[in-house]
Amino acid sequence: MKKQKLNQKISRFGILFFILLFITSMFFIASVKADTATTTDGISGIDLTLDDVVSIIQRVAGYFYSIAIVLAVILTIYIGILFFTAGGDDAQVGKAKKMMIWLIVGIAILLIGRGIITLVENLLTSAG
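Here is a short report on the structure shown in this document. Please read all numbers here as calculations on a predicted model, not as lab measurements. (Residues numbered from 1 in each chain as written. Predicted model: local features only at pLDDT ≥ 70, side-chain atom pairs only at ≥ 80, totals over all residues. Heavy atoms only, no water.)

1. Overview of the overall build of the protein
Reasoning step 1: If you tally the helices and strands in the protein, you get three helices and two strands.
Reasoning step 2: Of all 128 residues assigned to the protein, the portion counted as buried reaches 12%.
Reasoning step 3: Across the protein, every contact between residues at least 6 apart in sequence was considered, and the portion connecting residues at least 24 apart equals 60%.
Reasoning step 4: Total accessible area on the protein stands at roughly 9800 Å², and carbon and sulfur atoms take up 72% of it. (Helix = DSSP H or I, 4+ residues; strand = E, 2+ residues; numbered from the N terminus. Buried < 20%, exposed > 50% of the residue type's maximum accessible area, 1.4 Å probe, protein only. Contact = heavy atoms within 4.5 Å. Areas by Shrake-Rupley, 256 points an atom, 1.4 Å probe, with all protein chains shown as cover.)

2. A closer look at helix H2 (residues 50-84)
Reasoning step 1: Given a rise of 1.5 Å per residue, 35 residues ought to cover 51 Å, and the 51 Å separating the end C-alpha atoms of H2 matches this to within 8%.
Reasoning step 2: For H2, the set of buried residues is Val 54, Ala 61, Gly 62, Ile 67, Ala 72, Ile 79 and Leu 82. (Expected span 1.5 Å × (residues − 1).)

3. Brief notes about the nonpolar core
Nonpolar side chains in soluble globular proteins tend to end up buried together.
Reasoning step 1: Ala 72, Ile 79, Leu 82, Ala 96 and Leu 103 together form the largest nonpolar core, which totals five residues.
Reasoning step 2: Secondary-structure elements contributing two or more residues to this core are H2 and helix H3 (90-127).
Reasoning step 3: No other element matches H2, which puts three residues into this core. (Core = buried A, V, L, I, M, F, W, Y, C linked by side-chain atoms within 4.5 Å.)

4. Focus on a nonpolar patch on the surface
Reasoning step 1: Together, Leu 48, Leu 50, Val 53 and Ile 57 make up an exposed nonpolar region whose accessible area comes to about 300 Å².
Reasoning step 2: Residue placement: Ile 57 occurs in helix H2. (Patch = residues over 30% accessible without salt bridge, like charges linked within 9 Å, V, L, I, M, F, W, Y side chains within 5 Å. Salt bridge = Lys/Arg side-chain N within 4 Å of Asp/Glu carboxyl O.)

Set out below in C-alpha cells:
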C-alpha cells in the first residue's frame, strides 16, 4: 500500500513536471515565431544567422537550467525533510543519503553542461 501511494505521488509529480515543461516550451516557440521574417514573395520563413542560432541555444539552455535549479532546490528540501523525519530509521537515512548523492551528481552535471554550452557559444561567436 505504501509503495502504491509513493508511485502515485511520483506519477503526479511527473505529470506536473511535463505540464510545466510543455508550457515553457510553448513560450519558447512563441518567442522563436516572433523572430520569423516574411520574404518578399509573402512566404513565411525563418531567417537564421549564426547569432540567431546561438541566441536560440541560449534561450533553450536558460529554460532548462532554470527548471533544473528549481527542481534541485525542491529536492534538497525534500531530502532534508527525509533526514529530519527519519527518527533513527536506518533505511530512511540511507535513502536520503543516496538521494543526496544523486542530487549532487545531478547538480555537477548541470554545472558542467552549462560550462560546455558557454564554451561552445564562445567558440561559435569567435569563429563567426
